[in-house]
Amino acid sequence: MAITKKWWKEAVIYQIYPRSFNDSNGDGIGDLRGIIEKLDYLKDLGVDVLWLSPIYQSPNDDNGYDISDYYNIMTDFGNMDDFNEMLEGIHQRGMKLLMDLVVNHSSDEHQWFTESRKSKDNPYRDYYYWRPAKADGSKPNNWKSFFGGDAWEYDEKTDEYYLHLFTKKQPDLNWENPKVRQEVYKIIRYWLDKGVDGFRMDVIPFISKRLPFEDVNASRTFNDVAINTYANGPRLHEFLQEMVCESVGNYDVMTVGEGIGVTPENGLLYVGEDRNELNMVFHFEHMLIDHGKGGKFDIVDFELTDLKQGFTVWDEALGEKGWVNVYLDNHDFPRMVSRFGNDGKYHRESAKLLATLILTLRGTPCIYQGSEIGMTNVAFPSIEDYRDVETLNFYEEAKERGEDMNAFLKAVHIQGRDNVRTPVQWSDEPHAGFTTGTPWIKANPNYPKINAKAVLADENSIWHYYQEMLQFRKKHIDVLVYGDYEVIDEPNQKVYAYRRSIEGKTMVVVLNFTSKHVAFEVPYKVETLRFLKGNYKGKIEGEEGSILDLRPWEARIYLVVS
Ligand code: TEU
Ligand code: CA
């Protein structure tokens, strides 16, 4: 089967976390007019699709991932006029807009839920999952919430519990109820009719629950529970197909599922081209490689081969029959240069190397805001500086267990979600030029050095490398988008190298993931390789026989010319 061509395979996504992107009115919170101000910046960079984390009305228990009105814009972010102007501005510049669809759960302040909790016979009662206590008085089952504590919250009014896989202000919607499903399709059609170009679907593998809510074996790991208890429920694919039929399927738009709990084994059920479900998923294979048994704050070492594996197993599993998204960070995970690169001495080189990786693997790349200027993790000195509900809840739990709180704070510096939620660093002005007021979360103190103004003025900067690589990718769409992927010297713990090839055209990408010189043997004579692009300026050195002498964090792309 030949690989099919699609605009969404050729596109590059840029993720905006609106709260932290750009504040236009000095209230300390990023907003839609702030995005409008930066559309030329994004166009110049060369990205194609903007994905906005949720911008709907929300009490912001989880920064918009708790929606109280799917048809209106969050007051902090502006209003529908701002939205219309933003959408028009995006389209005028030839870019597209992806909205975030959060329909596994709503906010507890959504009218559906305020009705639902009123009485057992309220027409909205079964929009959510309500269950009585077990005969012994305990909670309906032993499921845990992702953000700490149990997944069931007691509600006195009707003496029952409701299910929330995330915070207790994020009750899970009952997709078994056809009315709920119709509400969701109506929301999707509303935004598509306004002209948006698709959706990123939050925790979409969780929408079908395993009923009747049996206990889970408490000794299982987070990932195991995600895959086998919360995700991939019995009616999931039926729901997805119905959704596509009744909404997105009738528009030329793209859909990306947040693929938590999706595995290489079942991936094609979601994104197989014959399935009519999703276009692609963000898989979690490489995102969990440093999470220990105790979860994300229980940090374990990982090796380069773990990272390679994450990409390789998925490419092998899907082949030409399905598609993935390629990313190294987003609003939930640490900054890629801090996690996979070197944010000290080789900040510039390693940030460029990682850009090379995400822009040359097979899949639709997603760049998270600030990566293009080399933004890094932050290490705030006190828990008071943190805002993320996940971090704060786990902090409280660790404290109650009597843990070493300094050690916990150190783990937050490495894994906490606020690492990626500090304001985008636009300049060396106060608060990184993000706001003229007081930002809702402090800027990373490294902004006088790392900021957009500085990288735009420097020809050899990370920003300009992203811009060049985005053009390079466009120029070589044939091989870089549609070509096969094959890893070279897989067991190598220092160098990640692979081939991309299509119809007689082959590129070789070589990435030195260390801060030292490395001699790397390629399965070619160097005379048959033509250097195309790399992250060091000037002449390429050290090529002899089949050996490439790579400098620290050096990235090179060659064309095979034999
Ligand atoms: O994330 C779901 C999810 O997998 C996260 O809970 C993840 O496990 C965690 O962030 C790792 O630290 C989505 C959104 O991306 C996230 O921002 C939301 O908080 C969550 O759903 C609930 O909507
Ligand atoms: Ca604002």
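Q: Tell me about the site of ligand 1, and please be specific about residues and values.
A: In the vicinity of ligand 1 there are 18 residues, among which Asp62, Asp202, Lys296, His331 and Asp332 approach most closely. Asp202 is positioned with one of its side-chain polar atoms (N or O) 2.8 Å from an oxygen atom of ligand 1. Contact distances for ligand 1 include 3.0 Å between an oxygen atom and a side-chain N or O atom of Arg417. Relative to its unbound accessible area of 490 Å², ligand 1 is 98% covered by the protein chains. In the shell around ligand 1, the residues fall into six nonpolar, three polar and nine charged.

Q: Could you give an account of the sheet that holds strand E16 (residues 484–488), naming the residues involved and the relevant values?
A: Judged by pairing direction, the sheet is antiparallel, and its five strands sit side by side in the order E16-E17-E18-E23-E20 without closing on themselves. The sheet is open, and its two edges are formed by E16 and strand E20 (529–534), each paired on a single side. On average, each strand axis in the sheet is tilted by 25 degrees relative to the strand beside it, whichever way the strands run. Where strand E18 (residues 505–512) and strand E23 (residues 555–560) come together, five bridges link them in antiparallel fashion. Paired with Val510 across the bridge in E23 is Arg556. Against the sheet, helix H12 (residues 347–360) contacts strand E17 (495–502), E18 and E23, and its axis sits at roughly 150 degrees relative to E18.

Q: Which residues make up unusual backbone geometry, and what are the values?
A: Omega for the peptide link from Leu211 to Pro212 comes to 5 degrees, which places this bond in the cis form. Among the structural elements, Pro212 can be located in the loop between strand E9 (198–201) and helix H7 (222–230). Of note, the phi angle at Phe213 is positive, near 50 degrees, even though the residue is not glycine. Relative to the helices and strands, Phe213 is located in the loop between E9 and H7. Unusually for a residue other than glycine, Ala432 sits at a positive phi of about 60 degrees. With respect to the element layout, Ala432 can be found in the loop between helix H14 (405–415) and helix H15 (452–457). Judged by relative accessible area, which is 0%, Ala432 ranks as buried.

Q: Describe H12, listing the residues and the values that go with them.
A: Over its 14 residues, H12 runs 20 Å from end to end, which matches the ideal 20 Å to within 8%, given 1.5 Å per residue. The buried fraction of H12 is high, at 13 of 14 residues.

Q: Can you explain the sheet that holds strand E14 (residues 324–326)? Please cite residues and give values.
A: Judged by pairing direction, the barrel is parallel, and its eight strands sit side by side in the order E1-E2-E5-E9-E10-E11-E14-E15 before closing back on the first. Neighbouring strand axes in the sheet, compared pairwise and without regard to direction, differ in orientation by 30 degrees on average. As defined by bridge partners, strand E2 (residues 49–52) adjoins strand E5 (residues 96–101) across three bridges and the pair is classed as parallel. Directly across from Val49, in E5, lies its bridge partner Lys96.

Conventions we followed
- Residues numbered from 1 in each chain as written.
- Chains lettered and ligands numbered in written order.
- Predicted model: local features only at pLDDT ≥ 70, side-chain atom pairs only at ≥ 80, totals over all residues.
- Heavy atoms only, no water.
- Near = heavy atom within 4 Å.
- Polar contact = N/O pair within 3.5 Å; in protein donor to acceptor, adjacent residues only side chain to side chain.
- Areas by Shrake-Rupley, 256 points an atom, 1.4 Å probe, with all protein chains shown as cover.
- Nonpolar A, V, L, I, M, F, W, Y, C, P; charged D, E, K, R; others polar.
- Pairing = 2+ DSSP bridges.
- Helix = DSSP H or I, 4+ residues; strand = E, 2+ residues; numbered from the N terminus.
- Axes fitted to C-alpha atoms, helices over the stretch in contact; angles between N-to-C directions.
- Contact = heavy atoms within 4.5 Å.
- Buried < 20%, exposed > 50% of the residue type's maximum accessible area, 1.4 Å probe, protein only.
- Expected span 1.5 Å × (residues − 1).

No statement about biological role is implied by the geometric values presented.
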